[in-house]
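Each chain is listed here by its residues.
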Amino acid sequence: QVQLVESGGGLVQEGGSRRLSCAFSGGTFGLYAMGWFRQAPGKEREFVACITRSGGNTANADSVKGRFTISRDNAKNTVYLQMNSLKPEDTAVYYCAADFLAFMTQTNPDEYDYWGQGTQVTVSS
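I will try to describe carefully the structure that is included in this document. (Residues numbered from 1 in each chain as written. Predicted model: local features only at pLDDT ≥ 70, side-chain atom pairs only at ≥ 80, totals over all residues. Heavy atoms only, no water.)

## Focus: the packing of aromatic side chains
Applying the stated rule across the entire model yields eight aromatic pairs. Between Phe-37 and Phe-47, the ring centres sit 5.8 Å apart and the planes meet at 70°, which makes this aromatic pair edge-to-face. Of this pair, Phe-37 sits in strand E4 (residues 32-39) while Phe-47 sits in strand E5 (residues 46-51), and the two are ten residues apart along the sequence. Aromatic ring contacts, followed pair by pair, group Phe-24, Phe-29, Tyr-32, Phe-100 and Tyr-114 into a single cluster. A cation sits over an aromatic face here: Arg-45 above Trp-115, 4.6 Å from the ring centre. Over the aromatic face of Phe-29 sits the side chain of Arg-72, whose NZ or CZ is 4.2 Å from the ring centroid. (Phe/Tyr/Trp six-rings, centres within 6.5 Å; stacked < 30°, edge-to-face > 60°. Helix = DSSP H or I, 4+ residues; strand = E, 2+ residues; numbered from the N terminus. Lys NZ or Arg CZ within 6 Å of the ring centre and 35° of its normal.)

As structure tokens, then:
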């Protein structure tokens, strides 16, 4: 059974940086496209970034373009989200997700097969 474990969340000041990690286990990592989503209190879960199986293509939400970067290390079975220039509105629980045999970037959370438990990121002003 595939398991995803996020780490790296915490409290950060506005304008600061944080790198989230998501460790994948229980399957063949290279067969999964990966995504990051977030959910703020009282709001729906929203797409943040995604990356194809090879890492050759990525997509980002407009709200994080130029600030967040998704990457993956298939040798370490890990996907990362580098977050720079953080804003208070980035405060949310961040989730990673895995999409089995996806051929392209996928922004729809309903298409993902597995989810982590989430990690809290709080940006103070």
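## Examining the sheet that holds strand E1 (residues 3-7)
Read from one edge to the other, the open sheet built from four strands follows the order E1-E3-E8-E7, with strand pairing classed as antiparallel. The two strands at the open ends of the sheet, each matched to only one other strand, are E1 and strand E7 (68-73). Strand-to-strand twist across the sheet, computed as the mean angle between neighbouring axes with direction ignored, equals 15°. Pairing geometry for E7 and strand E8 (residues 78-83), over six bridges, is antiparallel. Across the sheet, Phe-68 pairs through a bridge with Met-83, a residue of E8. (Pairing = 2+ DSSP bridges. Axes fitted to C-alpha atoms, helices over the stretch in contact; angles between N-to-C directions.)

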